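Residue-level structure breakdown
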Amino acid sequence: MKSIDIRASYLDFFRQRGHVVEKSDRLVPDNDPTLLFTSAGMVQFKHFYTGEVAVPYRRAVTSQKCLRAGGKANDLDEVGKTSRHLTFFEMLGNFSFGDYFKREAIAWAWEYTREILKFPAEKVIVSVFHEDDEAAEIWEKEIGVPASRIVRLGAKDNFWGPAGETGACGPCSELLYDRGVEIDPAATLENDPHERFLEFWNLVFPQFDQQMDGSRPPLKNRGIDTGMGLERIAALLQNKETVFDTDGIFPIIEATLSLSSFRYEEKPVPCRVIADHARAVTFMLADGILPGNEGRGYVFRRLLRRAARFGRELGLEKPFLHQVAMHVIDMMQEQYPELSQGRTRIEKTILAEEERFAGALARGMELLESVFWKMKKDGLTQVPGEELFKLHDTFGFPLDLAADVAEEQGYTVDKAGFEAAMRNQRDKARSAWAGSGEQKVATVYRTLESEHGATEFVGYDNLTADAVVLALVQNNRAVDVLAEGCEGEVLLNLTPFYAESGGQVGDRGIIEFSEGKAEVSSVLKRAGKSFLHQVKVLSGNLHTGTQVSAQVCAAKRSRTEAHHTATHLLQAALRHTLGDHVQQAGSYVDSERLRFDFTHFEAITLEKLQEIERFVNACIREAVPVEISFKSIEEARKEGAMALFGEKYEERVRVVQTGDKSKELCGGCHVRNTGVIGICKILSDSAIAAGVRRIEAVCGEPCLDMLQERERQFQTVLQTLSARPDEVEKRLHGLIEENKRLQREVEKWKQTAATGSGKDLMSQVKEIKGLKVLIIQLADLDAKSLRTVLDQYKDKLGSGVVVLGGGGEGKVALAAGVTKDLIARISAGDIVSRLAPLVGGGGGGRADMAQAGGKDIEKLPEALKKAETIIAELIK
């Protein structure tokens, strides 16, 4: 069976048994702040088990894309070394929420294994949790598996979960395939070094709800959560040694090898790592995860750079992963259409990251080689943590890459030292980031959502509405009253207030009631579609059940609407001017401004920005009606409606269309006609990540305010320069050039003063272990000037060592120089690295010249006094 057939047969098998076929969730968990990535099929269903939300169906089946490359679930280090570990994989799973339990789950698993997969009964071994007599009895008495093929194991192997720090967990039963006694006659499930027994299906019986304190009360909806790795089952059915040899992965390896002169048999591990990581980064980008230095973005960058480093083992020195990613898309786009929709963006983002890393990798490898040389000379076997941190901090060189290279050279790495250096630089190490970054949703909000359902939103057409207070929340607890002066949250049965989402801020306004009123500062969706109004009671006491009048601030809403519609026009302008690869990567819209993040891979020229701005304002002047419609997601996409990449949409979506210029899926608030916007002015364009830029702009009355303030500032400049508007540019250029000329004159006089009495200073030359050494403190010289003076004194010495210290602009500047004939005996970099900490700084450089800075200028004289001792210790 091919992978596509296995997936289809599994989904169809359980569809026939009353399961709803649910789409794969994103790799970014929407409902679990304790998880970095979706690591199992049950993640999107966690709250169905705990009873925190209403269960829309009792049975489900999925083929879920999963990533285990960070946080609690992390298989990164094992990829390529074993026959089965992957970071990205598909998990087939069937689920029960308070419906069937062990008996049906076990029976259906056996039926699918025997009837669909055609596995011989004698080849299948099952394991159960050692305390789970019920599961063991079902396997033996009802299914007919001999007791000799039922193995009881402890919690390490047969107790699953939770996915994250909290949630559903319970005992499990695994199905394993015996690949043959010839692989290892002595193998057992607990001792299987040659992987004779391959686990292919895990049946989890969620019975408990793990809490943050470690306690495990019973689940409200005990059920079933199973997981079968698609790639593992494919390896068994296709009789392949590893998951990498299956039809779902090996074509990616072939695509990689087509760019190299090596054969698979010569370099299997690099080929496997590249194939796995190519799949991972491709799907991460499709789900909206972008390169970065923290959280998910850091994992993306780590995977890409690791693949790039392994590519060099195949002779692939130039960027190649973006080409491999295109093969991933070609293979999997039918099952996951988000891949084809983001094709251009995915390719360009990966290429940009590869190019960025190429330079960093080359410089980092050079530094690492010098570290290895020094270690070999000193007889060390562990790479120091501070050197690893320097690689990471200066060149973006990942720790795991350094560890891989060190391992190949026979060295270990000081990970503890690396992490200590990280803590010294930051408040917390990257590894402390474990979770999606979202606020954990308190139980009270899920309870309210379950009890009252979605809040009816009437704010598209009305800015006021009569409503009833359904619930009040204060400090994450439901209360009956909010007293005058208190702050809290209000849940209404319906509301005209827009809740913060889709980049648009929540509305502001007031809630009036017979006894008084409350000010609404924002509105949030705490759980599901429950709108929680953030309020401060200005007068009276607000009770549950109270009739109220909810009133949105019309002025702020209208400005926000103008900015939101402008973002749609801006995206249309960007795609028209820069190309169809532009896609929204995020936005922020309020009453004062807009911010729009989008995919693009180079800086935008002033001319292009002005062209974009003209396009937007032309659309505004045309006064085009803004039309709203509701359609199926498939219909909307066929009509070309733009969607936010990585976003999960419902089957029926809201479409916002502005003439023939823009059509987007959007649930936000908009003007009725583009002419209402008035004017739009771009304030800035900047890069915020590899392949992602940000434009900030302002519209309408806030735009007029901004233009008038800029006019005031410009008039001040004109008065200061005593110039007309057409003279300003020329006058400023003249002043800047004059300032540069004067700075050069000052530096020249400083250097002359420092070296003019050279004869007297040369009398300070000392001899240390046969080498001429000159150590001088010079006043008011910065690092650049110090370097020039250093070269002059090296020339005067002919052969020797020069150490200079300066104190320009309140900061310490150190420079050390060694003439070429002596660098085998002493290194300028070593001198500086010993001196810099004495003045509260750091630095480095080459063997012949090195520089450092420091903050403790009062300690410079003492540091230079110690320079003689340091040099004497370093001379070989």
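Shown above is the structure to which this text applies.
For the structure given in this document, a descriptive report is provided here. (Residues numbered from 1 in each chain as written. Predicted model: local features only at pLDDT ≥ 70, side-chain atom pairs only at ≥ 80, totals over all residues. Heavy atoms only, no water.)

Of the regular secondary structure elements, the chain holds 25 helices and 38 strands. Structurally, the chain occupies a C-alpha span of about 100 × 80 × 55 Å along its principal axes. Considering the chain as a whole, with its 876 residues, one finds that 52% of them fall into the buried category. Of the accessible surface of the chain, which amounts to about 39,600 Å², a share of 48% is contributed by carbon and sulfur atoms. With 114 positive and 130 negative side-chain charges, the chain shows a spacing of 4 Å between the two charge centroids. (Helix = DSSP H or I, 4+ residues; strand = E, 2+ residues; numbered from the N terminus. Buried < 20%, exposed > 50% of the residue type's maximum accessible area, 1.4 Å probe, protein only. Areas by Shrake-Rupley, 256 points an atom, 1.4 Å probe, with all protein chains shown as cover. Lys, Arg positive; Asp, Glu negative; His and termini not counted. Charge placed at Lys NZ, Arg CZ, Asp CG, Glu CD.)

Further remarks concern the sheet that holds strand E30 (residues 662-665). Taken in spatial order, the three strands make up an open sheet running E28-E29-E30, and their pairing is antiparallel. Single-partner strands in this sheet number two, and they are strand E28 (626-632) and E30. Taken pair by pair, the neighbouring strands of this sheet meet at an average axis angle of 25°, ignoring direction. Inspection of the sheet shows strand E29 (residues 652-658) paired to E30 by four bridges, in the antiparallel sense. (Pairing = 2+ DSSP bridges. Axes fitted to C-alpha atoms, helices over the stretch in contact; angles between N-to-C directions.)

Attention now moves to helix H12 (residues 343-378). Taking 1.5 Å per residue as the helical rise, H12 with its 36 residues ought to reach 52 Å, and the 50 Å between its terminal C-alpha atoms agrees with that figure. In the segment just after H12, Gly379 is the residue with positive phi, at about 75°. (Expected span 1.5 Å × (residues − 1).)

Bringing the pairing of E29 into the picture now. Within E29, five of the seven residues are buried, which leaves the element mostly enclosed by the surrounding structure. In this sheet, E29 lies alongside E28 in antiparallel orientation, the contact comprising seven bridges. Across the sheet, Val626 pairs through a bridge with Thr658, a residue of E29. Hairpin remark: E29 followed by E30, antiparallel, with three residues in the connecting loop; positive phi at Gly659, about 55°.

By size, the foremost hydrophobic cluster in this structure holds 69 residues, and its most contacted members are Met284 and Leu321. Counting residues per element, the ones that place at least two in this core are helix H2 (46-50), strand E2 (59-67), strand E5 (88-97), helix H7 (250-257), helix H8 (268-286), helix H9 (295-313), helix H10 (321-332) and H12. Sort the elements by how many residues they give to this core and H8 lands first, with 11 residues. Apart from residues lying up to four places away in sequence, Leu321 is in contact with Ile274, Ala278, Val281, Leu304, Ala307, Ile350 and Glu354. Counting residues in hydrophobic clusters, the runner-up holds 39 residues, among them Ala105, Val128, Leu198 and Ile233. (Core = buried A, V, L, I, M, F, W, Y, C linked by side-chain atoms within 4.5 Å. Contact = heavy atoms within 4.5 Å.)

Another aspect to go through is helix H24 (residues 828-835). All of the buried residues in H24 are Ala828, Gly829, Ile831, Val832 and Leu835. For H24, the buried positions fall inside an angular range of 160° around the axis, keeping them on one side. Taking the backbone nitrogen of Gly829 as reference, a side-chain oxygen 3.1 Å away marks Ser827 as the first, capping residue of H24. (Arc of directions from axis to C-beta. Polar contact = N/O pair within 3.5 Å; in protein donor to acceptor, adjacent residues only side chain to side chain.)

The sheet built from four strands is open, its strands ordered E26-E27-E32-E31 with antiparallel pairing. The sheet terminates laterally at strand E26 (584-589) and strand E31 (680-689), the two strands that pair on one side only. Taking each pair of neighbouring strands and ignoring which way they run, the sheet shows an average axis angle of 15°. Taken together, the six bridges between strand E27 (residues 594-599) and strand E32 (residues 692-699) define a ladder with antiparallel strand orientation. Its bridge partner being in E32, Asp597 is matched across the sheet by Arg694.

What follows covers the packing of aromatic side chains. Following the criterion strictly, the structure yields 29 aromatic pairs and no others. Centre to centre, the rings of Phe45 and Phe95 are 4.9 Å apart; their planes meet at 50°, and the pair counts as tilted. Pair noted here: Phe45 is in the loop between strand E1 (20-21) and H2 and Phe95 is in strand E5, with a separation of 50 residues, a long-range link. Note on accessibility: Phe45 and Phe95 belong to one class, buried. Ring centres of Phe45 and Phe97 lie 5.2 Å apart, and the angle between their planes is 50°; this geometry places the pair in the tilted category. In this pair, Phe45 sits in the loop between E1 and H2 while Phe97 sits in strand E5, placing the two residues 52 residues apart along the sequence. Residue classification places Phe45 among the buried residues on the basis of a relative accessible area of 1%. Accessibility expressed as a relative area gives 0% for Phe97, which makes it buried. Note that Arg17 overlies the ring of Phe13, its terminal NZ or CZ placed 3.6 Å from the centroid. Over the ring of Phe101 we find Arg222, and its NZ or CZ is 3.9 Å from the ring centre. (Phe/Tyr/Trp six-rings, centres within 6.5 Å; stacked < 30°, edge-to-face > 60°. Lys NZ or Arg CZ within 6 Å of the ring centre and 35° of its normal.)

This part is about the packing of H8 against H9. Where H8 meets H9, the closest approach of the two axes is 9 Å, and the angle between their N-to-C directions is 150°. Accordingly, the angle class assigned to the pair H8 and H9 is roughly antiparallel. Handedness of the crossing formed by H8 with H9: left-handed. Residues Val269, Pro270, Val273, Ile274, His277, Ala280, Val281, Met284 and Leu285 of H8 pack against Arg296, Val299, Phe300, Leu303, Leu304, Arg306, Ala307, Phe310, Gly311 and Glu313 of H9. Looking at the contact of H8 with H9 residue by residue, the class counts come to 14 nonpolar, two polar and three charged. (Parallel < 35°, antiparallel > 145°, perpendicular 65-115°, else oblique. Left-handed = near helix turned anticlockwise from the far one by under 90°. Nonpolar A, V, L, I, M, F, W, Y, C, P; charged D, E, K, R; others polar.)

Within the secondary structure layout, Thr674 lies in the loop between E30 and E31. When the C-alpha atoms of Thr674 and Ala566 are compared, they prove to be 8.2 Å apart, with 108 residues separating the residues in sequence. Residues in contact with Thr674, not counting those within four places in the same chain, are Leu569, Cys619, Ile620, Glu622, Ala623, Val624, Val626 and Thr658. Polar side-chain contacts of Thr674 include one of 3.5 Å to the backbone nitrogen of Ala623.

If a residue is not glycine, its phi is most likely negative; likewise, a peptide bond is most likely trans. Despite not being glycine, Lys118 has its phi angle at roughly 65°, a positive value. Tracing the sequence through the fold places Lys118 in the loop between helix H3 (102-116) and strand E6 (124-129). You can call Lys118 exposed: its relative accessible area is 59%. Unusually for a residue other than glycine, Ser722 sits at a positive phi of about 55°. Relative to the assigned elements, Ser722 resides in the loop between helix H20 (700-721) and helix H21 (728-755). Overall, Ser722 belongs to the exposed group, its relative accessible area being 60%.

It is worth spelling out the side chain of Arg693 at this point. Assignment of secondary structure puts Arg693 in strand E32. A polar atom in the side chain of Arg693 sits 3.1 Å from the side chain of Asp685.

Next up on the list: the packing of H12 against helix H14 (residues 399-408). For the pair H12 and H14, the least separation of the axes is 11 Å and the interaxial angle reads 45°. Looking at the two axes, H12 sits oblique to H14. Classified by chirality, the crossing of H14 by H12 is right-handed. Residue-level inspection shows Phe357, Met365, Leu368 and Phe372 of H12 in contact with H14, the latter providing Leu401, Ala402, Val405 and Ala406. By residue class, the composition of the contact of H12 with H14 is eight nonpolar, no polar and no charged.

Of all the 12 residues making up strand E9 (residues 167-178), 12 are buried; the element is thus mostly covered by neighbouring parts of the structure. Here E6 pairs with E9 via five bridges, running antiparallel. Paired with Val126 across the bridge in E9 is Leu175. Relative to E9, strand E8 (residues 159-160) runs antiparallel, the two sharing two bridges.

Its place among the elements puts Phe457 in strand E15 (residues 456-457). The contact partners of Phe457, leaving out residues within four places of it in the chain, are Thr495, Pro496, Phe497, Tyr498, Phe531, Arg557 and Cys669.

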